[in-house]
Every structure is written in structure tokens, then in C-alpha cells.
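Chain by chain, the residues:
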There are 2 protein chains.
Amino acid sequence: MTISETFLVRAREGRAFRVAAGTDVRVVNTHGTQVVDTWAFNAADPAEFMSMEHSRLHMGRLNPIVGDALVTNFRRPVLTLKEDTSGGVHDTLLAACDQYRYELLGYSGKHDNCTDNLHAALHEIGLHVPLTPAPLNLFENSMPDANGLITIKPPISPPGSHVALRTEIDLVLVFSACPQDMAPTNGAAMRPCDVHIQIFGPTPS
Amino acid sequence: MTISETFLVRAREGRAFRVAAGTDVRVVNTHGTQVVDTWAFNAADPAEFMSMEHSRLHMGRLNPIVGDALVTNFRRPVLTLKEDTSGGVHDTLLAACDQYRYELLGYSGKHDNCTDNLHAALHEIGLHVPLTPAPLNLFENSMPDANGLITIKPPISPPGSHVALRTEIDLVLVFSACPQDMAPTNGAAMRPCDVHIQIFGPTPS
């Protein structure tokens, strides 16, 4: 028996969770249009973290499908994709957005961004990590074409669709509801939205 | 007028170079079958480094072609691909090999690897960098197929072919002649080979 608890990740914000090994974590694309930058750190040693460049070789593909495990920079499985009702389009290729990205797009002044969200969310739970791993960009629609050309298109995930990830070790998970509002990353309307995180834990005895 | 100097990077080893902005650096695939893991760090601040996940968005493609610039984690151009006589097949997707990789392939004992080569080469010039960025894997033949499936195939680069990279800022460049001898990364014979680095500097006045 398990119980679940649902958490809100507000549009443009990030949130960190300590999650034990063997937990199922659902990332729910509540409005369907929202990309969720996702990171995982070994709770016992954040120098070990989920790595896209190691995961692509381990999976043998660009984009995880149900059954695939993502691995750390020490090549250990860390998250397994258990369910995917989103259409299966995600991204492992692109960096988290950052202040530089918005300045290059023409924004002046401070813009919310996933890189700052990661570090703020870690700070909230008392952690500092001196680098920004490439994230797993859930629901991001940027698969290269047959010539390897990359364009960012609106997500295809239906409202309320989700991915379920099983934690393989004790983790710190961080999710950022990407603040991108100057490109169609988060839909043609370029309007970041809330998402929900549902964590299935063992029933307390 | 410029002069050039040629340096050897021995099979299975790495080597670091301090190179001023505006320099042309040729990476010569002397035997044609050798992958060269390549890193670039801002000489003034190694916390800024060439980043594959930022470069793919900047270039709009998986694989650099002549004229493309690779960028740092601060999204600044750092190396521009000026010439490519190798056939144009490189890799930006896969992590540097490491001890874990060889253990997973069944090797017992210490195996030479590009990750250790990077840090040893930096140490030789008095630098310490607390992370291993994803490298630009010159000549590596691992482009995904139309379904996004990744397999590592022997390089297609002819013997003596090269890429020329122009430095856009003062850099520390590191090259590792990949020690992979348990997969066809470095050719069907799985035999790592020497490569050469040719650096074109201004004529001393």
C-alpha cells in the first residue's frame, strides 16, 4: 500500500524534494504546455548527479522511453521512466535557460530562469552545488530532424498527462517550471504554467 | 605572417595548451581512426568552459559545421570551426570515457580514460577544475539515426585529415587521444593512436 502527496510547482519557479530510493514520482503537466527542467542529485553526495551525456550512451538513444534508466556521472542508474502518458517527447540536448539566454533574446533586466531556480531550490533545503548539470527537460519538444537540426517547438503533451519516475537511490530531486516566455518552449502562447509533483510513498506503519 | 608549431598527443594520453585569442589550432587525425576529446576553459576563469548543451542550441544542430561557433556555459563563443577535412562527423552527445565505463565493459583494474587525462593535463599546467564538462568528441562517429538511436561506429576521417579551430578568447585547451580499446570508437581495430596539434601563432616581432 502506498499513499501519495501532491505538490505544486508554480509557473516560473523551482522546487527541491528529498526522496527515498524506491519511490514513484509523477511529474504532471497540468496544463499540457509546460516544460519541466529536472535534476537529480545523490542525497548522500551531490557530486554524483544525473547526467544527460552519460545517460544517452546508457540508454542508446537521445530520448528516454518507458523502461529506460537515466544514470549519473558515475554511470549508476538513478531514475527509471516507469510511465509516460505525455506522448514521449522530451529533451536531453539543451542546457537550462539562464540570464544569458534571455539577454541574447533581447531582454533587459533580470529574467526568471531555470538555472537560478535550481540553485535557489537547493538553497531552500540547505544545499549548495557548484555547477549546473544539463537537465532532463521533460515535455520539451526539440528533437533534431534527420539532418541533426534542432528547433524548439511547442510541447505535444496533453493537459494532465504525466511521466512517472522511480528513484533508484536516495535523491534530491529538483523541478523547475521553465520561465521561458520569449520562445515557444512552453507552447505557442509562450505562457509558463504551474505543474504538479505527485510523490508515492510507503504507507506509514 | 604566422608561424606554426606541431605538438604530439600520444595515444591514450591528454595534453593541455594555453592559447591566446585569435589563434588557429589544427587537430590532425594522423592515422584517421582516432577520436580526440576536446575541452576549452576560459584562461582567466576556468569556471567558464565550452559547453555542449549550450553549443547545440547556439548552433541549432547536433554537430558543428564550418562557420559554427561553440559557446561556453555563459553562452559566449569560444571556438569557431574554420576548416574540416575529416568528413564532418563529430560528436557532442557522449560523456568522456572514465574508469566506470571500462568497468561496465568488463575491464578489471585501472584503465586509461579521457576523464583522468583531462584532469592530469590540467594538473600539469597548474590548474584544477572540479568538474568534467561534456567534451567535443572530434572525429567520433555516433550520430543518432532517424529514430534517435545512438551507436558508436568507427570514425570516417581519412588519415592526415584535420579540423581547424579558431580561439575566440584566451583559452586553456585540452585534448585527449581517447584510450577506448573495448569498443570501435577508435576504429574497428580498437587501437588508440597518436594525434598531432598544430598551433598557428603570430610571427614574433
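Relevant structure appears above.
Everything quoted here is computed from the prediction, not taken from an experiment. Once a new chain begins, its residue numbering starts again from 1 and follows that chain's sequence as written. The lettering of chains begins at A and the numbering of ligands begins at 1, in the order of writing. Given that the model is predicted, a residue must reach a pLDDT of at least 70 before its local features are reported, and side-chain atom pairs must reach 80 or more before they are shown or counted; all residues, however, enter totals for whole chains, interfaces and linings. To obtain the side-chain values, all non-hydrogen atoms of the structure were included, while hydrogens and water were left out.

Novice: Help me understand helix H3 (residues 114-124) of chain B in this model?
Specialist: All names here are of chain B. Each residue gets one of three labels from its accessible area relative to the maximum for its type: buried under 20%, exposed over 50%, partly exposed in between, using a 1.4 Å probe on protein chains only. Helix and strand definitions here come from DSSP, where helices need a minimum of 4 consecutive H or I residues and strands a minimum of 2 consecutive E residues; each element is numbered from the N-terminal end. Those residues of H3 lying buried are Cys114, Thr115, Asn117, Leu118, Ala121 and Leu122. Buried residues of H3, viewed axially, fall in a sector of 165°; they line one side. Turned more than 90 degrees from where H3 packs its buried face, His123 and Glu124 sit exposed. Only heavy atoms enter the contact rule, under which two residues are in contact if any of them lie within 4.5 Å. Turning to H3, the residues buried within the fold contact strand E2 (14-19), strand E4 (36-42) and strand E9 (171-177). In the analysis that follows, any N or O atom pair within 3.5 Å is treated as a polar contact, provided that within protein one partner can donate a hydrogen and the other can accept it, and provided that, for residues neighboring in sequence, both atoms belong to side chains. Where H3 begins, the side chain of Asn113 points an oxygen toward the backbone nitrogen of Thr115, at a separation of 3.2 Å. A positive phi of about 85° marks Gly126, the residue just after H3. Relevant arc is that of directions from the helix axis to the C-beta atoms, nothing else.

Novice: How should I be thinking about the interface of chain B and chain A in this particular structure?
Specialist: Interfaces are often described in size by the accessible area the parts lose on coming together. In this assembly, 29 residues from chain B lie in contact with 29 residues from chain A. Around 2,500 Å² of area is buried between chain B and chain A when both sides are counted, 63% of it from carbon and sulfur atoms. Here the buried area means the combined drop in accessible surface, using a 1.4 Å probe, for two parts upon being joined, counting both sides. Area buried by chain B at its contact with chain A is led by Glu53, Leu57 and Arg75 of chain B, which between them contribute 24% of it. Think of a salt bridge as a Lys or Arg side-chain nitrogen and an Asp or Glu carboxyl oxygen that are within 4 Å of each other. For Asp98 of chain A, the salt bridge goes to Arg75 of chain B, with nearest N and O atoms at 2.7 Å. Across the contact surface, chain B and chain A share 12 residue pairs in polar contact (both at pLDDT 80 or more). Sorting the residues of the side of chain B that touches chain A by element identifies helix H1 (52-59) and helix H2 (99-104) of chain B as the ones contributing at least two each. Looking at the side of chain B that touches chain A element by element, the count peaks at 4 residues for H1 of chain B. Amino acid classes used here: Ala, Val, Leu, Ile, Met, Phe, Trp, Tyr, Cys and Pro are nonpolar; Asp, Glu, Lys and Arg are charged; the rest, including Gly, are polar. Residue composition of the side of chain B that touches chain A, by class: 17 nonpolar, 6 polar and 6 charged.

Novice: Which parts of the structure should I look at to understand the pattern of salt bridges?
Specialist: When the charged atoms of two side chains with opposite charge come close together, those side chains can pair. Residues and elements named next belong to chain A. Summed over the entire model, instances satisfying the criterion amount to 16 salt bridges over all chains. For the salt bridge of Lys110 with Asp116, the shortest nitrogen-to-oxygen distance reads 3.0 Å. A residue is classified by how much of its surface remains accessible, and Lys110, at 55% relative accessible area, is exposed.

Novice: Sorry if this is basic, but what is going on with unusual backbone geometry here?
Specialist: Working note: non-glycine residues mostly have negative phi, and peptide bonds are mostly trans. The backbone of Met190 of chain A shows a phi angle near 55°, a positive value even though the residue is not glycine. When you line up the elements, Met190 of chain A lands in the loop between strand E9 (171-177) and strand E10 (195-202). The exposure class of Met190 of chain A is partly exposed, given its relative accessible area of 33%. The phi dihedral of Arg75 of chain B is positive, around 65°, even though this residue is not glycine.

Novice: Help me understand the environment of Glu13 of chain A, please; the structure alone is not making it clear to me.
Specialist: Tracing the chain through its elements places Glu13 of chain A in the loop between strand E1 (2-9) and strand E2 (14-19). Residues Glu13 of chain A and Glu53 of chain A lie 40 residues apart in sequence; the distance between their C-alpha atoms is 25 Å.

Novice: Would you explain the sheet that holds strand E7 (residues 136-138) of chain A in this entry?
Specialist: In a beta sheet, neighbouring strands are held together by backbone hydrogen bonds and run either parallel or antiparallel to one another. Residues and elements named next belong to chain A. Pairing between strands requires that DSSP locate at least two bridges from one strand to the other. Spatial strand order, E2-E9-E4-E7: 4 strands in an open sheet with antiparallel pairing. Each edge of the open sheet is held by one strand with a lone partner, namely E2 and E7. Each neighbouring strand pair of the sheet contributes to a mean axis angle of 25°, computed without reference to strand direction. What counts as an axis is a line fitted to C-alpha atoms, over the stretch in contact for a helix, and the angles between N-to-C directions run from 0 to 180 degrees. Helix H3 (residues 114-124) contacts E2, strand E4 (36-42) and E9 of the sheet and is inclined by roughly 140° relative to E9.

Novice: Explanation requested: the nonpolar core in the structure shown.
Specialist: Proteins that are soluble and globular tend to have nonpolar side chains buried together. Among buried residues, the Ala, Val, Leu, Ile, Met, Phe, Trp, Tyr and Cys ones that are joined through side-chain atoms within 4.5 Å form a nonpolar core. Residues Phe41, Leu122 and Val174 of chain A together with Phe41, Leu122 and Val174 of chain B are the most contacted members of the largest nonpolar core, which totals 36 residues. Of all the elements in the fold, those that place two or more residues in this core are E4, H3 and E9 of chain A together with E4, H3 and E9 of chain B. Other than its neighbours up to four places away in sequence, Leu122 of chain A contacts Ala16, Phe41, Leu127, Val129, Val172 and Val174 of chain A.

Novice: So what exactly am I meant to see when it comes to the sheet that holds E2 of chain B here?
Specialist: Residue and element names in this part refer to chain B. What the 4 strands build is an open sheet, ordered E2-E9-E4-E7; its pairing is antiparallel. Both edges of this open sheet fall to E2 and strand E7 (136-138), since each of them pairs with a single strand only. Averaged over all adjacent pairs, the angle separating strand axes in this sheet is 25°, with direction ignored. Judged from the 6 bridges that link them, E2 and E9 form a sheet pairing that is antiparallel. When the bridges of E9 are listed, Val19 appears paired with Leu171. The strands that H3 touches are E2, E4 and E9; relative to E9, the one it contacts most, it runs at about 140°.

Novice: Sorry, what's going on with the relation of the copies chain B and chain A here?
Specialist: Superposing the two chain copies requires a rotation about an axis and a translation along that axis. Fitting of the copies onto one another was done by least squares over C-alpha atoms, counting residues only where both copies have pLDDT of at least 70. Once chain B has been moved 0.0 Å along the axis and rotated by 180°, it coincides with chain A to within an RMSD of 0.0 Å. Such values leave the two copies arranged in the relation of a two-fold axis. The C-alpha atom lying nearest the rotation axis in chain B is that of Ala146 of chain B; the distance is 2.7 Å. Here 100% of the contact residues of chain B are again contact residues in chain A; the copies associate through an equivalent surface.

Novice: Before we go on, may I ask you to explain the environment of Arg191 of chain B in this structure?
Specialist: Residue and element names in this part refer to chain B. Among the secondary structure elements, Arg191 is positioned in the loop between E9 and strand E10 (195-202). Classification of Arg191 as exposed rests on a relative accessible area of 56%. In contact with Arg191, not counting residues within four places along its chain, are Gln34 and Asn186.

Novice: So what exactly am I meant to see when it comes to the side chain of Asn186 of chain A here?
Specialist: All names here are of chain A. Summarising the element assignment, Asn186 is placed in the loop between E9 and E10. According to the relative accessible area criterion, Asn186 is buried, its value standing at 2%. Only 3.1 Å separates the side chain of Asn186 from the backbone oxygen of Gln180, close enough to count as a polar contact. If near-sequence neighbours (up to four positions away) are discounted, Asn186 is found in contact with Thr33, Gln34, Val35, Pro155, Cys178, Pro179, Gln180, Arg191 and Pro192.

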